[in-house]
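# Chains, contacts and geometry: an overview
The residues making up each chain are set out below.
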Amino acid sequence: MKQTENDAITPEFALAIVDAMADGVFTLDKNGRITSWNPAMERITGYTAQEALGRRCTMLEFNNCFGRQCPTGFQECGIFDVGAVESKECLIRHKDGDDVPVMKNARVVWDNKGTVIGVVETVTDLTELQSIKKRLADADRRLGEKLSVKNIIGTSQTMQRVFQSIKAAAASDATVLVFGESGTGKELVASAIHQNSIRSANPLVTVNCSALSESLLESELFGHARGAFTGAIRDRKGRFEEADGGTVFLDEIGDIAPFIQLKLLRVLQERTFERVGETKERRANIRVITATNRDLLSLVNDGHFRQDLYYRLKVFPIHVPPLRNRREDIPLLVTHFIGMENNKTGKAVEGISAEAIRLMMDYHWPGNVRELENAIEHSFVLCRAHGMIDVFDLPVEIRKAEYHTEITNKNNFPKVRSSFRTGMTKADLMVLLEECGWNKAEVARRAGVSRTAIWKYMKKWDIPLKPPDRSSGEKAP
């Protein structure tokens, strides 16, 4: 700081300036002991000046001094070698044990003879800034989640019931259990419930319970105290604390161990928990949504899942149907995923051929909507940049799948000829080809076999793929 020659700043005035600063300021002697401590440092760290004076700066446990954690000795830290530390973002340890994000500056002070007097350090509290950043990040994430809710596509009767259940669940704060096969979109349902609830302004925190071991899952959910286990060098919030005011979505809930089941039951009953390694009781203002692809009631009957927890979880159950039970939604989903892939790849695929969509309508879809999305992505690898997705662009398992006769009857196609179930002759096939105008997909439907089977029969009996040209006098084989 510069000053005029005639207006020298007195020590009293300098002290008043330091005390009035919003940033924390403290000084150290050449042995690393604290010699001054302004009111802002008291606010940031929780230590009064009386508690701090005479102690070493290691009490603050800076986590990043010169690229490493705070050393045990002042002479080891390197400040006298470099002379200054400029704007280093790091954490310090508050008196109550919490970590405080700060911006740190430090500078060595010499007298007129070049002798080291000590060090002056300034600390800017970044807590509010970090909070703002987090809120902005949460807002961006929630915007993405709101857009992703549009991926719940369907006009079928079964999906309309799901939409009604989502609306009802969002209007309450009850615990929801979403169940259904893998790939049906259970996480999208949980997101839709949260985004349409009164908690939508707060976080939606997702935990996949099957991806973590029991000990890691316990720490992930409830947090841990410093020293609770090897590697726990700092206190850490769990997902329940991170989701305060919002929603916790626990996916694959049927895979959690009995000990975690017990701790989760306490959260659901009392909204309280303890971090791993401490006895302090903490409260959680959260809503819990869980999901599973397993039969929880069977797990209860087999003794693998707590009955009391089961009934706590299924206060409001929502069943997400498999894709094979809502086949009328397949064309809508295909169109949606084609649009997504066009945007992602830069292609301009116009759609899908009638024969390809018929194969997709016939397929059993064990992987549900996720498998359908992957099938479209697979097709984009093979299809031309402009044009239509055709049969041979589809994954091989879809092309080779057996035909499902129940779909034929549902869509009022002609009934399957019983004679084809035991065998088909060349003459039978020729009759069907003529009746169906050489539409192989229609022939497959009437015969009750897959389209691939029809192609194999035609190749076996040397039947051309296209009808003979009658005008040239060519006869059918």
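First, a word on scope: everything that follows refers to the structure included in this document. (Residues numbered from 1 in each chain as written. Predicted model: local features only at pLDDT ≥ 70, side-chain atom pairs only at ≥ 80, totals over all residues. Heavy atoms only, no water.)

## A look at the pairing of strand 4 (residues 99-110)
Of the pairings in the sheet, the one linking strand 4 to strand 5 (residues 116-125) comprises 9 bridges and is antiparallel in character. The residue bridging Arg107 from the neighbouring strand is Val120, located in strand 5. From the end of strand 4 to the start of strand 5, which pair antiparallel, there are 5 residues, and Gly114 there has a positive phi angle of about 85°. (Pairing = 2+ DSSP bridges. Helix = DSSP H or I, 4+ residues; strand = E, 2+ residues; numbered from the N terminus.)

## A few points about the pattern of salt bridges
Counting across every chain of the model gives 22 salt bridges. Across the pair Glu242 and Arg239 runs a salt bridge, and its minimum N-O distance is 3.8 Å. Of the two residues, Glu242 and Arg239 both sit in helix 9 (residues 239-242), 3 residues apart, roughly one turn of that helix. In this structure, the salt-bridge partner of Arg275 is Glu241, at a minimum N-O distance of 2.9 Å. Here the residue Arg275 occupies a position in the loop between strand 9 (272-274) and strand 10 (281-283), and Glu241 occupies one in helix 9, the gap between them amounting to 34 residues. Residue Arg275 shares its accessibility class with Glu241, and that shared class is buried. Counted as one network, the salt bridges with shared partners bring together Glu220, Arg236, Arg239 and Glu242. (Salt bridge = Lys/Arg side-chain N within 4 Å of Asp/Glu carboxyl O. Buried < 20%, exposed > 50% of the residue type's maximum accessible area, 1.4 Å probe, protein only.)

## A word on the side chain of Arg326
Its location among the elements puts Arg326 in the loop between strand 12 (316-319) and helix 13 (330-345). With sequence-adjacent residues up to four places away left out, Arg326 is seen in contact with Ile153, Gly154, Ser156, Thr158, Met159, Pro321, Leu333 and Val369. (Contact = heavy atoms within 4.5 Å.)

## A word on the packing of aromatic side chains
Counting across every chain of the model gives 8 aromatic pairs. Seen from their ring centres, Phe222 and Phe240 are 5.4 Å apart, and the 45° between their planes marks the pair as tilted. Here Phe222, found in helix 8 (residues 214-222), pairs with Phe240, found in helix 9; they are 18 residues apart in sequence, far enough to count as distant. Of the two residues, Phe222 and Phe240, both sit in the buried class. Ring centres 5.1 Å apart and planes at 15° place the aromatic pair Tyr457 and Trp461 in the stacked group. A relative accessible area of 18% places Trp461 in the buried class. (Phe/Tyr/Trp six-rings, centres within 6.5 Å; stacked < 30°, edge-to-face > 60°.)

## Topic: a nonpolar patch on the surface
Together, Phe13, Ile17 and Met21 give the surface a local cluster of nonpolar side chains, amounting to about 250 Å² of exposed area. Looking at where Phe13 falls in the secondary structure, it is placed in helix 1 (residues 11-20). Accessibility expressed as a relative area gives 48% for Phe13, which makes it partly exposed. (Patch = residues over 30% accessible without salt bridge, like charges linked within 9 Å, V, L, I, M, F, W, Y side chains within 5 Å. Areas by Shrake-Rupley, 256 points an atom, 1.4 Å probe, with all protein chains shown as cover.)

## Quick look at the sheet that holds strand 11 (residues 287-292)
Within a beta sheet, neighbouring strands are joined by backbone hydrogen bonds and run either parallel or antiparallel to one another. Strand order in the open sheet made by the 5 strands is 7-8-11-6-12, with parallel pairing throughout. If you trace the sheet from one side to the other, it starts and ends with strand 7 (204-208) and strand 12, each paired once. Geometrically, the sheet is characterised by an average inter-axis angle of 20° between neighbouring strands, direction not taken into account. Bridging between strand 6 (residues 176-179) and strand 12 involves 4 bridges; their strand directions are parallel. In the strand pairing of strand 12, Val178 is matched with Ile318. (Axes fitted to C-alpha atoms, helices over the stretch in contact; angles between N-to-C directions.)

## Concerning the nonpolar core
Phe240, Leu250, Ile253, Ile256 and Phe305 are the most contacted members of the largest nonpolar core, which has 29 residues in total. Sorting the residues of this core by element identifies strand 7, helix 8, strand 8 (247-251), helix 10 (258-270), helix 11 (296-301) and helix 12 (307-313) as the ones contributing at least two each. With 5 residues, the top contributor of residues to this core is helix 10. Setting aside anything within four residues of it in sequence, one finds Phe240 in contact with Leu221, Phe222, Val248, Leu264, Val267, Phe273, Ala284 and Ile286. Judged by nonpolar contacts, the second largest core, of 27 residues, contains Ala375, Ile376, Cys383 and Val391. (Core = buried A, V, L, I, M, F, W, Y, C linked by side-chain atoms within 4.5 Å.)

## A few points about helix 15 (residues 368-382)
Its 15 residues place the ends of helix 15 22 Å apart at the C-alpha level, agreeing with the 21 Å of an ideal helix rising 1.5 Å per residue. On its buried side, helix 15 packs onto helix 13, strand 13 (348-352), helix 14 (354-362), strand 14 (386-389) and helix 16 (396-399). (Expected span 1.5 Å × (residues − 1).)

## Some words on the packing of helix 8 against helix 10
Running from N to C, helix 8 and helix 10 point in directions that differ by 15°, and their axes come no closer than 10 Å. Put simply, helix 8 runs roughly parallel to helix 10. By crossing handedness, the relation of helix 8 to helix 10 is classed as left-handed. Of helix 10, the residues touching helix 8 (which contributes Glu214, Leu217, Glu218, Leu221 and Phe222) are Phe259, Ile260, Lys263, Leu264 and Val267. Here the residues of the contact of helix 8 with helix 10 sort into 7 nonpolar, no polar and 3 charged. (Parallel < 35°, antiparallel > 145°, perpendicular 65-115°, else oblique. Left-handed = near helix turned anticlockwise from the far one by under 90°. Nonpolar A, V, L, I, M, F, W, Y, C, P; charged D, E, K, R; others polar.)

## Observations concerning the side chain of Ser219
Structurally, Ser219 is set in helix 8. The exposure class of Ser219 is buried, given its relative accessible area of 8%. Among residues more than four places away in sequence, those in contact with Ser219 are His224, Phe229, Arg236, Gly238 and Val276.

## Re the packing of helix 13 against helix 14
Where helix 13 contacts helix 14, the two axes come as close as 10 Å, and the packing angle between them is 120°. The angle between helix 13 and helix 14 places the two elements in the oblique class. Every pair of crossing elements has a handedness; the one defined by helix 13 and helix 14 is right-handed. In this structure, helix 13 uses Ile330, Pro331 and Val334 to contact helix 14, whose residues at the interface are Ile357, Met360 and Met361. Here the residues of the contact of helix 13 with helix 14 are counted per class, giving 6 nonpolar, no polar and no charged.

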